[in-house]
2 protein chains.
Amino acid sequence: MDNKKLIVPKKLQGFWELKPKEQMLFSSLLNKIEEVFRANCFVPLDTPVLEYSEVLLAKSGGDVDKEIYRFSKGSTDICMRYDLTVPLARFVSMYKEELNFPFKRYQIGKVYRGERPQKGRFREFYQCDADIIGKEALSIVADAECVNLYEKCFKALGLDVEIAVSNRKIIAGYIEGIQKDDKTTDILVALDKLDKIGTEETIKLLQEIGLTSKESENLIKITKSKGSLEEVVYSLKSYSENNLFIEGIEELKELSKYINLLGTTSVVFDISIIRGHNYYTGSVFEVFLKNRREIALGGGGRYENLCGYFSETKMPGVGMSIGITRLFDLLLKENYFDLDSFKDIDCAIITFDETFDKGLEIMSKLRENGVKAECFYENKSFKSKMKEANRRDVKYVVIIGEDEVNSQIYTLKNMQTAEQSKLSLKELVEKIKNDRM
Amino acid sequence: MDNKKLIVPKKLQGFWELKPKEQMLFSSLLNKIEEVFRANCFVPLDTPVLEYSEVLLAKSGGDVDKEIYRFSKGSTDICMRYDLTVPLARFVSMYKEELNFPFKRYQIGKVYRGERPQKGRFREFYQCDADIIGKEALSIVADAECVNLYEKCFKALGLDVEIAVSNRKIIAGYIEGIQKDDKTTDILVALDKLDKIGTEETIKLLQEIGLTSKESENLIKITKSKGSLEEVVYSLKSYSENNLFIEGIEELKELSKYINLLGTTSVVFDISIIRGHNYYTGSVFEVFLKNRREIALGGGGRYENLCGYFSETKMPGVGMSIGITRLFDLLLKENYFDLDSFKDIDCAIITFDETFDKGLEIMSKLRENGVKAECFYENKSFKSKMKEANRRDVKYVVIIGEDEVNSQIYTLKNMQTAEQSKLSLKELVEKIKNDRM
């Protein structure tokens, strides 16, 4: 091997991986989210990372987005999944006769987008998705469940959030009412810029699209409606008598009722929430870090027909998604986490040559009792083992000398306080485990 | 959408996905393995699914195996990982100045091999790997840890296994002793056929390679050595005085000592365990279902230098791997699991029109207290809700009528026994949770 040229070990640009402590922390967050999904009666799904291109690109009629990883293997045209929603649609269409409806599934998995790497954007990242799919119909209770799920997930992660909720029928209904629904996409694109370019510029854009000055002003006022349900409903009421507009308001009221019944508290109604995806047709949600509106943590909403490309059966659904990779990356960079408090082991067992075998036995017994104990076996001398424990920032060491072997009473040293105590195996377990809580 | 041609929803051939109950079960097995890894002080790693081809194919000098998924994105030559070991080598080489050594990591993840689909083989499957990597040196205690880890993992899965252990230096040393080490690979390939073609045919093969009849017979006897440490050592002793041969036996003895100190009981020493991979250089292990030698559940061993292609630093390692997808697929097909006992929900809440809101509140409170409760919201009538609970094979229903709302005492019905009881919210939680244990 010595005469071989070495290859530089490097990972692909824009791909993400964590060092052990960070990974322990990240995994613990994924576990917390998963626990919330489960506690709320969502079942797990784990679809393949690869799909037939024909299936994954059904929506775009086979057109390939540059972002998508697509390749051939033999004669098979394959794509890596870019989200977890199309695989869900494929799965539900395939197994719709066997599943329970409403079908509540979650999936936590990596998705792939070969976009240009930039701050906070990755080419491989985790999505945590939960969706509720109905057969033919789906109660708006499901929308409330998704909003409630957001609150519970972020509570489990220890983050204060604000869940902004709207209903796309309100703006769509107003546009329909003024008979500009052939321009809906242009209008939504303009409204989406409101925050950035301000009211006046947005009004100009809307007028260029063909709205009167009054219509433009009204639409801006509608979009800016924000607050409690009562405030929003009151401020919206006068603007339109269009059926879709009124339906949107009624749905918002109903959603609000169920959100409250489920005990959700961090909601604000905010009509400016539009969500880019064209397929949202009713409720839409977006979650922000409290008081930091610039940091979106996820979004979701109601879509009228999940499986339209695969099946004649109408499958309305509602879903929520957490962009956990981006969120974690941000919190990590802001030193939000106390990484030092994450220990890969609970205690190190320090032995002498002649007590090493006993040390392994004690290690084995501690582990059996739920204590992550490591009996250092690479460093040879007592001194170098202690040094290693220090270097690794281990909180406890268990010292095993001849006396300890004979008495079966072991010395536990707290490396932070230098406090020492003499304990039996049972007491060691209790002390170390209690301390970890 | 109605005028669009529907696309047949199908998943790629040779790819694997599970329906919800099976997935719940499979996820629970992965969790159990992960818990064992963690309890034994292994830290998690989660490397990208994609790597530079140059890195992933370092071993083969860039030659592509037909099995590997390889493609280009822009000007980048990319491979999907086909195991978790090469990514580990890449990771350790990159971060060797920051990691703790011995570096004990586990990774549970999907790997990709585009081989021809056949019974029990998949193109995307999970591997559960745990490895211990040393810097310059690594004690044989690490090998014992891996053997012990196997026992603990399969115990956690509820499976009786036999862990067959050998050391490749024994056969390699014998071959060196008879000065046939230029033919080692051919000889190992022949020995690997022993089980299938029998002693006589194997001797013929060995003689064709150039061994004398005595050497061939001895090698067969060595390979067939199996039993307790004492039995194997006794039966091997006389065959060679080669240093490597003797070193192999000494390592086996040392490994056996540590295996015992760690409390491992399901080990058999078996010199016929060779393992295909060329990179194993010392201890080798293979795990079988007890009394079903045809079913290999995983294997592993010691390799002298993990990172030879990436780094000048010598990194000896030892690892174990569980082929969980194949194992699960097999157990599922043999109806090993009681899938019916897996419930996606603990109880259904059945309401009338006028008590539905109260039902949602109770659902929310039950969930907060760890009970997976679902308040059916799609079926409208009481009768159709009960029917749905039956169809979904729910064990408990909580019935909420006007009386229940007024008294705050709810009716719990066990759908299996038809037994009914009247319980407060607190009692409901206790009863349902106790029953789940």
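Residues numbered from 1 in each chain as written. Chains lettered and ligands numbered in written order. Predicted model: local features only at pLDDT ≥ 70, side-chain atom pairs only at ≥ 80, totals over all residues. Heavy atoms only, no water.

Asks: Mind showing me how you'd approach the overall build of chain A here?
Replies: Secondary structure assignment for chain A yields 15 helices and 17 strands. The C-alpha extent of chain A, read off along each of the three principal axes, is 90 × 55 × 45 Å. In chain A, buried positions account for 59% of the 437 residues. Long-range contacts, defined here as pairs at least 24 residues apart, represent 66% of the contacts in chain A between residues at least 6 apart. (Helix = DSSP H or I, 4+ residues; strand = E, 2+ residues; numbered from the N terminus. Buried < 20%, exposed > 50% of the residue type's maximum accessible area, 1.4 Å probe, protein only. Contact = heavy atoms within 4.5 Å.)

Asks: What is the right way to look at the environment of Lys152(B) in this model?
Replies: All names here are of chain B. Examined against the element boundaries, Lys-152 turns out to sit in helix H4 (residues 141-156). It is 26 Å that separates the C-alpha atoms of Lys-152 and Lys-135, two residues lying 17 residues apart in sequence. In this structure the side chain of Lys-152 is engaged in a polar contact, spanning 3.0 Å, whose partner is the side chain of Asn-148. (Polar contact = N/O pair within 3.5 Å; in protein donor to acceptor, adjacent residues only side chain to side chain.)

Asks: What am I meant to see in the relation of the copies chain A and chain B here?
Replies: Each of the two chain copies goes to the other by way of a rotation about an axis and a shift along it. When chain A is brought onto chain B, the operation consists of a screw motion whose angular component is 180 degrees and whose axial shift is 0.0 Å, with 0.1 Å RMSD remaining. The superposition of one copy onto the other is thereby described by a two-fold rotation axis. Distance from the rotation axis, computed per C-alpha, reaches its smallest value in chain A at Phe71(A): 3.1 Å. Take the interface residues of chain A: 99% of them recur as interface residues in chain B, which is what a same-surface contact looks like. (Least-squares fit on C-alpha atoms with pLDDT ≥ 70 in both.)

Asks: It is not clear to me how the pattern of salt bridges should be interpreted in this structure. Could you clarify?
Replies: Proximity of charged atoms lets side chains of opposite charge pair with each other. Residues and elements named next belong to chain A. The final tally for this structure, using the stated rule, is 59 salt bridges over all chains. With a shortest N-O distance of 3.3 Å, Lys-314 and Glu-304 are connected by a salt bridge. Placement of Lys-314 in the loop between strand E11 (292-303) and strand E12 (317-322) and of Glu-304 in the loop between E11 and E12 is noted, with a sequence separation of 10 residues between them. With relative accessibility at 35%, the residue Lys-314 sits in the partly exposed group. (Salt bridge = Lys/Arg side-chain N within 4 Å of Asp/Glu carboxyl O.)

Asks: Just to check I follow, could you spell out empty space enclosed by the protein for this structure?
Replies: Any empty space left between atoms is shown by rolling a water-sized probe over those atoms. Applying the stated criterion to the full structure yields six cavities of 30 Å³ or more. Approximately 850 Å³ is the volume found for the largest cavity. As for the largest cavity, its lining consists of 35 residues, and the residues nearest its centre are Ile108(A), Tyr126(A), Leu30(B), Ile108(B) and Tyr126(B). At the level of secondary structure, the elements contributing two or more residues to the lining of the largest cavity comprise helix H1 (20-39) and strand E5 (103-112) of chain A together with helix H1 (20-39) and strand E5 (103-112) of chain B. (1 Å grid on protein atoms, 1.4 Å probe; cavity = no way out; pocket = protein on both sides within 12 Å on 5 of 7 lines; lining within 4 Å. Points joined across faces, edges and corners; volume = space filled by probe spheres on them.)

Asks: I'm lost on the sheet that holds strand E4 (residues 76-80) of chain A in this one. Help?
Replies: Paired through their backbone hydrogen bonds, the strands of a sheet run either parallel or antiparallel. All names here are of chain A. Strand order in the open sheet formed by three strands is E2-E4-E3, and the pairing between neighbours is antiparallel. The open sheet has two free edges, formed respectively by strand E2 (50-52) and strand E3 (70-73), since each of these has just one partner strand. The mean angle between the axes of side-by-side strands here comes to 40 degrees, regardless of whether they run parallel or antiparallel. Direction of pairing for E2 relative to E4: antiparallel, over a ladder of three bridges. Directly across from Leu-50, in E4, lies its bridge partner Met-80. (Pairing = 2+ DSSP bridges. Axes fitted to C-alpha atoms, helices over the stretch in contact; angles between N-to-C directions.)

Asks: Before we go on, may I ask you to explain the state of the cysteines in this structure?
Replies: The bond known as a disulfide is covalent and runs between the sulfur atoms of two cysteines. In total, this model carries zero disulfides over all chains according to the counting rule given. For the unlinked cysteine Cys375(A), the closest cysteine sulfur is that of Cys347(A), found at 9.8 Å. (Disulfide = S-S within 2.5 Å.)

Asks: I would appreciate a short explanation of the pairing of strand E15 (residues 396-400) of chain A in the present structure.
Replies: Walk down a regular strand and you will see the side chains alternate between the two sheet faces. Residues and elements named next belong to chain A. Within E15, five of the five residues are buried, which leaves it mostly tucked inside the rest of the structure. Here E15 shows a buried face lined by Tyr-396, Val-398 and Ile-400 and a second buried face lined by Val-397 and Ile-399. With five bridges connecting them, strand E13 (residues 347-351) and E15 associate as parallel partners. Residue pairing in the sheet places Ile-350 in a bridge with Ile-399 of E15.

Asks: Looking at this model, I keep getting lost on the sheet that holds E5(B). Mind explaining?
Replies: Residue and element names in this part refer to chain B. Strand order in the open sheet formed by nine strands is E1-E5-E6-E12-E11-E10-E7-E9-E8, with mixed pairing between adjacent strands. This sheet does not close on itself; its edge strands, each paired only once, are strand E1 (43-44) and strand E8 (226-227). Sheet contacts for helix H11 (residues 324-333): strand E6 (124-133), strand E11 (292-303) and strand E12 (317-322); angle to E6, the most-contacted strand, approximately 130 degrees.

Asks: Would you take a moment to explain the packing of aromatic side chains for this structure?
Replies: Aromatic ring pairs are defined here through the distance separating the ring centres and the angle between the ring planes. Tallied over the entire structure, the rule returns 31 aromatic pairs over all chains. Ring plane angle 50 degrees and centroid distance 4.7 Å describe the contact between Phe91(B) and Tyr95(B), whose orientation is recorded as tilted. Residue Phe91(B) and its partner Tyr95(B) are both found in helix H3 (residues 85-95); the two are separated by four residues, about one turn of the helix. The class of Phe91(B) is buried, set by a relative accessible area of 0%. Arranged with centres 6.3 Å apart and planes meeting at 20 degrees, the rings of Phe91(B) and Phe103(B) form a pair that is stacked. Taken together, the positions of Phe91(B) in helix H3 and Phe103(B) in strand E5 put the pair 12 residues apart, joining distant regions of the chain. Among the aromatic residues, those joined into a cluster by ring pairs are Trp16(A), Phe26(A), Phe122(A), Tyr126(A), Phe328(A), Tyr336(A) and Phe337(A). It is Lys73(A) that lies over the ring of Tyr69(B); its NZ or CZ is 5.1 Å from the centre. (Phe/Tyr/Trp six-rings, centres within 6.5 Å; stacked < 30°, edge-to-face > 60°. Lys NZ or Arg CZ within 6 Å of the ring centre and 35° of its normal.)

Asks: Before we go on, may I ask you to explain the interface of chain A and chain B in this structure?
Replies: Often the size quoted for an interface is simply the accessible area lost on bringing the parts together. Contact residues are listed per partner, giving 97 residues for chain A and 96 residues for chain B. Between chain A and chain B, the buried area comes to about 8900 Å², and carbon and sulfur atoms account for 61% of it. When the area that chain A buries against chain B is broken down by residue, the three leading residues are Ile7(A), Leu12(A) and Tyr377(A), summing to 8%. Here chain A is connected to chain B by 12 salt bridges. The closest approach of N and O atoms between Asp357(B) and Lys257(A), which form a salt bridge, is 3.3 Å. Connecting chain A to chain B are 32 residue pairs in polar contact (both at pLDDT 80 or more). Here the side of chain A that touches chain B is built from residues that sort into 53 nonpolar, 14 polar and 30 charged. (Buried area = accessible area lost by both parts, 1.4 Å probe. Nonpolar A, V, L, I, M, F, W, Y, C, P; charged D, E, K, R; others polar.)

Asks: Could you clarify how one ought to interpret the packing of helix H12 (residues 356-368) of chain B against helix H15 (residues 425-436) of chain B in this entry?
Replies: Each packed pair of helices is defined by two parameters, the angle between the axes and the distance between the axes. Residues and elements named next belong to chain B. The interhelical angle for the contact between H12 and H15, taken along N-to-C directions, is 50 degrees, at an axis separation of 10 Å. When the axes of H12 and H15 are compared, the pair comes out oblique. In terms of crossing hand, the pair formed by H12 and H15 is right-handed. Contact with H12, carried on its side by Ile-362, Lys-365 and Leu-366, involves Leu-425, Leu-428 and Val-429 of H15 and no other residues of that element. Tallied by class, the residues present in the contact of H12 with H15 amount to five nonpolar, no polar and one charged. (Parallel < 35°, antiparallel > 145°, perpendicular 65-115°, else oblique. Left-handed = near helix turned anticlockwise from the far one by under 90°.)

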